[in-house]
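Residues per chain, in single letters:
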Amino acid sequence: MSLWDDLRFHHAAHAGRPILSLFDGTDRARHFSIREGGLLFDYSKTGIDARARGLLIRLAEAAGVAQRREAMFSGAKINETEGRSVLHTALRNLDGAVSVDGRDVMPEVRATHASCEAFARDVRDGRFAGQGGRITDVVNIGIGGSDLGPAMACAALAPYADGPRAHFVSNVDGAHVHDVLAGLNPETTLVIVSSKTFTTIETMTNAAAARAWMAGRVADPATQFAAVSTALDRTAAFGIAPERVFGFGDWVGGRYSVWGPIGLSLMIAIGPEDFAGFLAGGAAMDAHFRDAPFTDNMAVMLALTGIWHNQICGHATRAVLPYEQRLARLPAYLQQLEMESNGKRVAMDGTDLHMDSGPVVWGEPGTNGQHAFYQLIHQGTRVIPCEFLVGREGHEPALAHQHRLLVANCLAQSEALLRGRPLDEARSILAKKGLSGADLDRQARHRVFPGNRPSTTLAYPRLTPFVLGQIIALYEHRVFVEGVILGINSFDQWGVELGKELALALEPILAGRESAAAKDGSTRQLVEYLG
Ligand code: F6P
């Protein structure tokens with residue numbers, strides 16, 4: 001039997017076992033938790049027992065996680081379908097040394113980091129100014145990995161933002177660029193066009209719109225534009241002066257790029273010192289991921305809970321539920337990180353994947369989600385593994401009582417999922433309220449919570465730049481480990497290409513310049529309606 005079969009057999013053999021029973025007579029909470037760098041990852045409220053954990057770890061070993069991990073950190077071209085190294089970790093380890101094709105990439109990484117830092121300081125201190133004086137607002141125009149990382153991190157680190165206000169435009173829907181620019185003064189706005197390729201249609205269209213907006217009031221709009229890209233020829237063609245173009249190697253994937261120049265808007269907002277704290281948090285998690293044995297390795301164990309829930313238990317989705325309003329964009333960020341990385345049906349060697357690919361990731365901050373979709377999580381027919389995130393402290397000492405309520409809600413949810421409420425308890429509550437007979441029977445059933453629903457909790461001291469860095473690097477490595485175990489390439493994204501091509505072909509059809517005749521009936525009908 002393979003390890004996969006062993007795991008499935010073990011899961012089936014204990015299918016009805018309450019997770020709560022695993023706590024009986026053992027210090028399960030401690031043994032099924034990892035503490036690292038001030039973080040606590042508790043996976044004791046899952047069905048993973050000692051045998052399952054042992055098998056999962058053997059699975060990771062057999063898949064070659066340790067070897068792939070080393071290959072990644074040392075610059076090997078593990079993104080095989082694109083022939084690229086995967087070195088986002090180099091962006092946060094500026095003292096490190098790593099070579100690609102025999103060339104040390106770190107001098108360039110350090111030089112680009114230094115020029116981003118110098119530019120960020122110039123903007124923050126007013127040495128770089130717009131036509132109307134000191135820069136008050138920075139607009140990052142980008143999409144996907146060129147948007148979600150800095151947008152998520154700027155929201156997360158709002159208490160540290162003491163520079164110009166950061167804004168983000170991503171959608172090709174003109175409403176987005178219109179609404180963001182509407183409140184801004186073009187004479188004191190800096191636009192950063194962030195696009196790895198500098199060809200992405202949404203970004204280039206929005207960049208042109210922003211330039212036209214600025215041209216109405218600023219004599220030479222290009223002077224208030226900067227660019228972050230690997231395509232220096234294209235940034236030049238757009239008219240952005242080379243001293244305000246910040247490049248990075250093709251060995252940084254879009255969804256892993258917040259640590260480098262794509263994080264420029266974040267660096268300007270929070271300042272280079274706090275940005276360095278964010279990098280340090282990521283680097284600390286890298287060191288842990290690289291060195292800790294699998295059982296004590298937070299990223300490996302987070303990945304293995306994912307594999308257990310998705311590929312072994314068959315739960316197709318995973319809810320990410322931060323009890324931290326400022327992490328409101330984390331679920332969207334993780335959606336790209338996880339679904340663009342591990343949503344693949346073909347293995348690295350080109351054969352079909354013989355199991356489910358990565359999960360559907362979704363979520364909202366608690367407590368808001370509680371009043372929206374938790375009903376289904378608690379009483380729906382499908383089991384949805386939940387990943388809670390919660391901090392010990394907030395940034396608002398005067399509102400500490402609200403933070404306590406937030407924490408209480410987070411813990412209450414994972415407790416409710418674990419315990420549930422059995423029928424006899426529901427009946428006795430209703431009986432105390434005076435219900436009896438058939439009415440009590442019927443009403444009680446609606447008040448039953450099946451419980452035995454798995455969740456993990458990642459607890460952290462406070463959402464500082466360092467902690468955010470730890471959390472984001474933790475999830476990156478989790479996605480990596482899951483990808484290695486599934487045998488897929490987590491670093492390409494061919495699945496986004498077809499839609500892009502078809503959109504380009506449909507634009508002239510909608511404009512009436514080309515015929516829709518070759519399209520299917522539904523598309524023709526929609527073109528006729530919308531065109
Ligand atoms: O469409 C997918 C994608 O290629 C992402 O992987 C990437 O983050 C995003 O588009 C933006 O790409 P670019 O930075 O080249 O504009």
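Treat the numbers as computed from the prediction; the structure is a model and nothing was measured.

**Side note on the environment of L181**
Inspection of the secondary structure assignment puts L181 in helix α8 (residues 174-182). Among the residues examined, L181 registers a relative accessible area of 5% and is labelled buried. Taking the C-alpha atoms as reference points, L181 and A316, separated by 135 residues in sequence, lie 39 Å from one another. Beyond its immediate stretch of four places on either side in the chain, L181 contacts V139, A210 and W213.

**Some remarks on the nonpolar core**
Residues F119, L190, I268, L330, Y333, L468 and I485 are the most contacted members of the largest nonpolar core, which totals 110 residues. Both of domain 1 (3-75 + 300-419 + 454-492) and domain 2 (105-270) provide at least three residues apiece to this core. Apart from the residues within four sequence positions on either side, L468 is in contact with M152, A153, A156, L157, F278, L327 and L463. The next biggest cluster of nonpolar side chains, apart from the first, holds 21 residues, and it includes V180, M204, A210 and A227.

**Here's the deal with the domain arrangement of the chain**
For the chain, the domain assignment lists domain 1 (3-75 + 300-419 + 454-492), domain 2 (105-270), domain 3 (421-452) and domain 4 (497-530). Here the C-alpha centroids of domain 3 and domain 4 sit 56 Å apart.

**Some words on the state of the cysteines**
Counted by the stated rule, this structure contains zero disulfides. C386 takes part in no disulfide bond, and the closest cysteine sulfur to it belongs to C410, at a distance of 10 Å. Residue classification places C410 among the buried residues on the basis of a relative accessible area of 1%.

**Observations concerning the environment of F246**
Along the chain, F246 falls in strand β11 (residues 245-246). Between the alpha carbons of F246 and S195 there is a distance of 11 Å; along the sequence they are 51 residues apart.

**Some words on the pattern of salt bridges**
Across all of its chains, the model carries 33 salt bridges by this definition. Close ionic contact of R92 with D286 constitutes a salt bridge, the shortest N to O distance being 2.7 Å. Placement of R92 in the loop between α5 (88-91) and β3 (99-100) and of D286 in helix α12 (residues 272-291) is noted, with a sequence separation of 194 residues between them. By relative accessible area, which is 4% here, R92 ends up buried. Overall, D286 belongs to the buried group, its relative accessible area being 5%. Its salt-bridge partner being R442, residue D439 comes within 3.1 Å of it at the nearest N-O pair. Pair noted here: D439 and R442 are both in helix α18 (residues 437-446), with a separation of three residues, about one helical turn. Bridged by salt links that share partners, the residues R318, E338, E387, R478 and E482 form one connected network.

**Some thoughts on the packing of helix α4 (residues 65-73) against α12**
At a minimum axis distance of 10 Å, the contact between α4 and α12 shows a crossing angle of 140°. One finds that α4 runs oblique with respect to α12. For the pair α4 and α12, the contacting residues are R69, E70, M72 and F73 in the first and D286, F289 and R290 in the second. Across the contact of α4 with α12, the residue classes break down as three nonpolar, no polar and four charged.

What counts as what
- Every chain's residues receive numbers from 1 upward, in the order its sequence appears when written.
- The model is predicted, so local features are restricted to residues of pLDDT at least 70 and side-chain atom pairs to those at 80 or more, both for listing and for counting; the totals for chains, interfaces and linings are taken over all residues.
- Derived side-chain values reflect all non-hydrogen atoms in the structure, with water molecules and hydrogen atoms excluded from consideration.
- Under the DSSP-based scheme used, a helix requires at least four consecutive residues in state H or I and a strand at least two consecutive residues in state E, with every element numbered from the N terminus.
- With a 1.4 Å probe rolled over the protein chains alone, any residue whose accessible area is under 20% of its type maximum counts as buried; one over 50% counts as exposed, and the rest are partly exposed.
- Any two residues whose heavy atoms approach within 4.5 Å are treated as being in contact.
- By convention a nonpolar core is built from buried Ala, Val, Leu, Ile, Met, Phe, Trp, Tyr and Cys residues, the set being connected through side-chain atoms within 4.5 Å.
- Where a domain begins and ends is set by an automatic assignment or by a domain database.
- Cysteine sulfur atoms that come within 2.5 Å of each other are treated as a disulfide pair.
- For this analysis, a salt bridge means a side-chain nitrogen from Lys or Arg found within 4 Å of a carboxyl oxygen belonging to Asp or Glu.
- Working convention: axes come from line fits to C-alpha atoms, limited for helices to the stretch in contact. Angles between N-to-C directions cover 0 to 180 degrees.
- Under this scheme an angle from 65 to 115 degrees is roughly perpendicular, one under 35 degrees roughly parallel, and one over 145 degrees roughly antiparallel; angles in between are oblique.
- Classification used: nonpolar for Ala, Val, Leu, Ile, Met, Phe, Trp, Tyr, Cys and Pro, charged for Asp, Glu, Lys and Arg, polar for all others including Gly.

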